[in-house]
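Residues per chain are reported as follows:
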Amino acid sequence: MLDPLQARPLSVNLCPKPRRRELILFQAHSLSKLTLSQPFLPRVSKACVEICCDSDFVADGLNFCVRFVPFFFSRCKKRWFVYYSVDGGFCRVQSKRMKKPIVALLMVIFFSAFNCFNAEEAFDVRKHLSTVSRYGAVKEIANGNFIPSKVPEGCVPTHLNLVARHGTRSPTKKRIRELDNLSLRLEDLIKDARRRNLHLERVPSWLDGWKSPWQGRLKGGELISKGEEELYDLGLKIREKFPSLFDEEYHPNIYTIRATQVPRASASAVAFGMGLFSGNGSLGPGKHRAFSVISESRASDIMLRFHDCCHNYKHFREKQEPAVNKLKEPVLNEITSALIGRYGLNFTRQDISSLWFLCKQEASLLDITNQACSLFGPSEIMLLEWTDDLEAYILKGYGNSLNYRMGLPLLEDVVQSMEQAIQAEEERRPPGSFEKARLRFAHAETIIPFSCLLGLFLDGSAVDNVEFKKIQKEQPLQLPPKPPQKRTWRGSTLAPFAGNNMLILYSCPAQDKSKSKHFVQVLHNEHPIPMPGCDGSDFCSFEVFKEKIVAPHQKHDYDTVCNPKQEPSSGSMYQMFQWLFSLSKGDKQPRDEF
């Protein structure tokens, strides 16, 4: 019996390039029947399976729109059936009078073409890259079922807090080495395929001789031009959205800008400030102005790099990483087997992991989606995305309360800035004498725990959220459901490059002095987002925000959470010791972000 994958393929390209979806017909002159092989074998009785053959063509596992609608024919009791794949399962179309298989073929081509183009339009890999997603690709993704609050008439914004991730960056030095190794590995796989006389028509041509776009780079992790544009545009949009907050002459005490000591974060702060203050200075054609960006040593920055200073978290992460990798293995094994069968190359699990990383870098940084990403089908990409999201959930998010409880200093700093703004208003201080915005630029390891402290991106109803009550009691939550099940926790929307949370303090007219006149609105990636602590609203009184969202996290301070066995000592002396210790180790680069 002839294996159809070894038969000479005749390709009919039915989708325009660069989509590269083809109908594959396998030529087998002497065959009229062929046993079905995985992955297209349906669960039907063998007695009912007779492969449709017309003239010289064997319709076995015909794969139209390769990653969308695999299909084949069977005949049972004088009736023809068309089986086509949907989300990993099989659906059946029956024709009572379909005596000629070619009629069935034409019917399914028409049906599949419809599905092909719909699937092409609906699926954009750039929206499924977890925390490697570019801001522009995902910022408009929001909860379509949520109706934002209408800010009451007469309410005016008096203060803004921003916690933003740095913009799109190049791969880090460690990841550049991984891509260089992948290039060598792909070269070996192609050589091995030739030794085995594999028909290379099955192998995407770009794999032969591929070299990393970052080959030879000795440094990495820096903000790229796309990342600069993301933050520059964000600065422009925030000024446009809240003009009354940014109508004063710049002073560092009015517009406080902080960034971590990592260059891509401080560069992001600079790009943002250039947009925010553009036209307000005298430098160059854009009338830019100089402004201050404050950074603190990594060894003592418990505000924006709390994960680097938390001993207990480092220990937790070191213990959990092998378990996380174990959870990801079944998915990687499944996709490895699928790609071996699809292309005939002897891929390993590490190869698939590196190719997925390459896909994310190509799609996000270079807008290339027809190379590494095209190796995977949409369902496989969503599974790989889920493994990344799972890792972020366990090591940075709701997987353990330590992940977000260590971010309490940042949350308290946000609340303190609002209280100071309220005090300035009550004391009727003149303009220019109090802070109007506190702007921070950090990392995924900052914005994810901070979002968890606010109770964002929990599954279930935002009005009566059981999971929100659990996190306030420091109870564990279930892991995000695996595709095709839907989930709220997605790294691509939670913490893409330049992802951000904004908390705007409003002052509202209050006739009744017993009622609050100060309210907080939360925006995520510039969109209002429901908060379980505010009864599912994006807008609630400052008192409720403090009582329902902030206070439950204040049961433990940072030192208790991160260094419970630390002997009491002055904070400054302890920070000095940490700083000296970091210098003795050379202040090594932090772990790669997801």
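I will try to describe carefully the structure that is included in this document. (Residues numbered from 1 in each chain as written. Predicted model: local features only at pLDDT ≥ 70, side-chain atom pairs only at ≥ 80, totals over all residues. Heavy atoms only, no water.)

### Examining unusual backbone geometry
Then, number 1: In this chain, Pro 483 is followed by Pro 484 through a cis amide linkage whose omega measures 10 degrees.
Then, number 2: Mapped onto the fold, Pro 484 is located in the loop between helix H13 (466-472) and helix H14 (491-494).
Then, number 3: Of note, Asn 197 is a non-glycine position whose phi angle comes to about 55 degrees, a positive value.
Then, number 4: Along the chain, Asn 197 falls in the loop between helix H3 (173-195) and helix H4 (225-241). (Helix = DSSP H or I, 4+ residues; strand = E, 2+ residues; numbered from the N terminus.)

### Structural notes on the pattern of salt bridges
Then, number 1: Scanning the model with the defined rule gives 34 salt bridges in all.
Then, number 2: The residue Glu 419 makes a salt bridge to Lys 546 at a minimum N-O spacing of 3.4 Å. Taken as a pair, Glu 419 in helix H11 (residues 408-426) and Lys 546 in helix H15 (residues 542-550) lie far apart in primary sequence, 127 residues in all.
Then, number 3: Taken together, the shared-partner salt bridges connect Asp 124, Arg 126, Arg 134 and Asp 367 into one network. (Salt bridge = Lys/Arg side-chain N within 4 Å of Asp/Glu carboxyl O.)

### Examining helix H7 (residues 311-343)
Three- or four-residue spacings in an α-helix give side chains the same orientation, since the helix completes a turn every 3.6 residues.
Then, number 1: When the terminal C-alpha atoms of H7 are compared, their 46 Å separation across 33 residues agrees well with the 48 Å that a helix rising 1.5 Å per residue should span.
Then, number 2: The largest bend along H7 measures about 35 degrees and falls at Lys 328, with the proline Pro 330 one to four residues further on.
Then, number 3: Along H7, the positions that sit buried rather than exposed are Tyr 313, Phe 316, Arg 317, Glu 321, Val 324, Lys 328, Val 331, Leu 332, Ile 335, Thr 336, Leu 339 and Tyr 343.
Then, number 4: Looking at the buried side of H7, the elements it contacts are helix H6 (306-309), helix H8 (349-366), helix H9 (378-395) and helix H10 (401-405).
Then, number 5: One or two residues past the end of H7 sits Gly 344, with phi positive at roughly 80 degrees. (Expected span 1.5 Å × (residues − 1). Bend = angle between axes of the 7 residues up to and from the residue. Buried < 20%, exposed > 50% of the residue type's maximum accessible area, 1.4 Å probe, protein only. Contact = heavy atoms within 4.5 Å.)

### Considering the nonpolar core
Then, number 1: In terms of nonpolar packing, the biggest core is built from 53 residues, with Tyr 398, Leu 454, Leu 503 and Phe 545 touching the most fellow members.
Then, number 2: Ranked by residue count, the leading element in this core is H11, at 8 residues.
Then, number 3: Residue contacts for Tyr 398: discarding those within four places in its chain leaves Tyr 393, Tyr 404, Ser 451, Cys 452, Gly 455, Leu 456, Phe 457, Leu 458, Ile 471, Leu 477 and Trp 489.
Then, number 4: Grouped together as the second largest cluster of nonpolar side chains are 46 residues, Ala 193, Leu 383, Leu 384 and Ile 394 included. (Core = buried A, V, L, I, M, F, W, Y, C linked by side-chain atoms within 4.5 Å.)

### Thoughts on the environment of Lys 517
Then, number 1: Within the fold, Lys 517 resides in the loop between strand E12 (500-507) and strand E13 (518-524).
Then, number 2: Separated by 10 residues in the primary sequence, Lys 517 and Ser 507 place their C-alpha atoms 5.8 Å from one another.
Then, number 3: What Lys 517 contacts, discounting residues up to four positions off in sequence, is Glu 425, Tyr 506, Ser 507, Cys 508 and Ala 510.

### Quick word on the packing of aromatic side chains
Then, number 1: For the coordinates displayed, the defined rule picks out 14 aromatic pairs.
Then, number 2: Geometrically, the ring pair formed by Trp 206 and Trp 210 is edge-to-face, given 6.4 Å between the ring centres and 85 degrees between the ring planes.
Then, number 3: Assessed through its relative accessible area of 12%, Trp 206 is described here as buried.
Then, number 4: Both rings, one in Phe 246 and one in Tyr 255, keep their centres 5.4 Å apart while their planes meet at 25 degrees; by these two values the pair is stacked.
Then, number 5: The exposure class of Phe 246 is buried, given its relative accessible area of 7%.
Then, number 6: One cation-aromatic arrangement involves Arg 175 over Phe 357; the distance from NZ or CZ to the ring centre is 4.2 Å. (Phe/Tyr/Trp six-rings, centres within 6.5 Å; stacked < 30°, edge-to-face > 60°. Lys NZ or Arg CZ within 6 Å of the ring centre and 35° of its normal.)

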